[in-house]
Amino acid sequence: MTKILVIEDERSLRDALVYNLRREDFAVAVAEDAPTGVLLARRENPDLILLDLMLPGGNGFDVCRNVRTFSAAPIIMLTARGDDIDRVLGLEMGADDYVTKPFGLRELLARIKANLRRVELDRGEPLDQILEAGPVRVDLSARRVSVEDQTIKLQPREFDLLAYFVRNAGAVLTRPRLLNSVWGHEFVGDRTVDVHVRRLRAKLEHVSSVDFIRTVHGIGYVFEAAPNGGPAGA
Ligand code: CA
């Protein structure tokens, strides 16, 4: 049974989430404050975490950072309108997705299922598969990325995005196509792609002066491993 950890202090929302998730046949663990949330994330080993931003005993940022030190389970942030989404999905955090309160149950379930599906797809990747584009090397089995032989650390969603870029190096990838292929559904906004591309670029910039991901204005992005005209594939 797939287990979801709900970390939310607002009682009415928490109760509604627990009720509806159980109705959808998820096992549910519940925490009402930040320290209990971290504790249960470790003890219950959930498949996915719904995490409120403002919590007693700490905030969602701290919980997220803490949980990321021992768990790769997808984390969906429950944010309020006006929360800084760039920060929610920011480099230091490691959240995979967010929904803005008030959200509909169907929207939330779609996000949950898409995030779980992505994890399953990851697990189903053939072993020992290596993708290369110029100096960028993606090891799908070890989920490791290196650029010019320097390893870079990526969050799961960033890894999926880079792997997709490298696999399709040189092709212009529209936001809908990236959403479809990397996120697997149509409920996240275009902004999700942009936020993740920005994070990925920032990490790549640390190890290489090459700007691998070029913005195609109004359309999407293209991954160029050899921007000076050389072959993009390897
Ligand atoms: Ca709260």
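(A) Examining the sheet that holds strand E1 (residues 3–7) more closely. The five strands are arranged E2-E1-E3-E6-E7 in an open sheet whose pairing can be described as parallel. Each edge of the open sheet is held by one strand with a lone partner, namely strand E2 (27–31) and strand E7 (97–101). Sheet twist, expressed as the mean angle between neighbouring strand axes with direction ignored, is 20°. Where strand E6 (residues 75–80) and E7 come together, five bridges link them in parallel fashion. Opposite Leu-78, over in E7, you have Val-99 as the bridge partner.

(B) Representation of the packing of aromatic side chains. If you walk through the whole model with that rule in mind, you get two aromatic pairs. Plain terms: the ring middles of Phe-165 and Phe-223 are 6.1 Å apart, the flat faces sit at 25° to each other, and that makes the pair stacked. One end of the pair, Phe-165, is in helix H6 (residues 156–167); the other, Phe-223, is in strand E14 (residues 220–223), with 58 residues separating them in the sequence. Exposure remark for Phe-165: the relative accessible area of 0% places this residue in the buried category. Note on Phe-212 and Phe-223: the rings are 5.7 Å apart at their centroids and 10° apart in plane angle, and the pair reads as stacked. Residue Phe-212 is located in the loop between helix H8 (190–207) and strand E13 (213–216), and its partner Phe-223 is located in strand E14; the two are separated by 11 residues in the primary sequence. The exposure class assigned to Phe-223 is buried, which follows from its relative accessible area of 0%. The rings of Phe-165, Phe-212 and Phe-223 are connected pair by pair, giving a single aromatic cluster. When the ring centre of Phe-70 is taken as origin, the NZ or CZ atom of Arg-42, which lies over that ring, is 4.2 Å away.

(C) Quick look at the pairing of E14. Sheet topology note: the strand E12 (residues 172–174)/E14 ladder contains three bridges and is antiparallel. Across the sheet, residue Val-172 finds its bridge partner in E14, namely Val-222. Summarising the sheet, E13 and E14 pair through four bridges and their orientation is antiparallel. Across the sheet, residue Arg-214 finds its bridge partner in E14, namely Val-222. Here E13 folds back onto E14, and the loop between the two strands holds three residues, one of which, Gly-218, carries a positive phi near 80°.

(D) Looking closely at H6. Between its first and last C-alpha atoms H6 spans 16 Å; for 12 residues at 1.5 Å apiece the expected length is 16 Å, and the two agree. The buried fraction of H6 is high, at 11 of 12 residues. The complete set of buried residues in H6 reads Pro-156, Arg-157, Glu-158, Phe-159, Asp-160, Leu-161, Leu-162, Ala-163, Tyr-164, Phe-165 and Val-166.

(E) View of the environment of Thr-215. Position of Thr-215 relative to the elements: it lies in strand E13. Among the residues examined, Thr-215 registers a relative accessible area of 38% and is labelled partly exposed. With 42 residues separating them in the primary sequence, Thr-215 and Leu-173 have C-alpha atoms 9.8 Å apart. Once residues lying within four places of it in the same chain are set aside, the contact partners of Thr-215 are Arg-201, Gly-220 and Tyr-221.

About the thresholds
- Here the residue index of a chain counts from 1 through its sequence in written order.
- Where totals are concerned, whole chains, interfaces and linings use all residues; where local detail is concerned, this predicted model gives features only for residues with pLDDT of at least 70, and gives and counts side-chain atom pairs only at 80 or more.
- To get the side-chain values, all heavy atoms of the structure are used, and hydrogens and water are removed first.
- Being paired, for any two strands, means DSSP has found at least two bridges between them.
- Counting from the N terminus, the helices are DSSP H or I runs at least four residues long and the strands are E runs at least two residues long.
- Here an angle of 0 to 180 degrees is reported between the N-to-C directions of two axes, which are lines fitted to C-alpha atoms, with helices fitted over the stretch in contact.
- Pairing of aromatic side chains requires ring centres within 6.5 Å, counting the rings of Phe and Tyr and the six-membered ring of Trp. Pairs whose planes differ by under 30 degrees are stacked, by over 60 edge-to-face, and all others tilted.
- Throughout, exposure labels follow a simple rule: accessible area from a 1.4 Å probe, protein chains only, divided by the maximum for the residue type, with under 20% read as buried, over 50% as exposed, and the rest as partly exposed.
- Throughout this description, the term charge over a ring refers to an Arg CZ or Lys NZ atom that lies within 6 Å of the ring centre and within 35 degrees of the ring normal.
- By this rule, a helix spans an expected 1.5 Å times one less than how many residues it contains.
- Any two residues whose heavy atoms approach within 4.5 Å at even a single point are treated as in contact.

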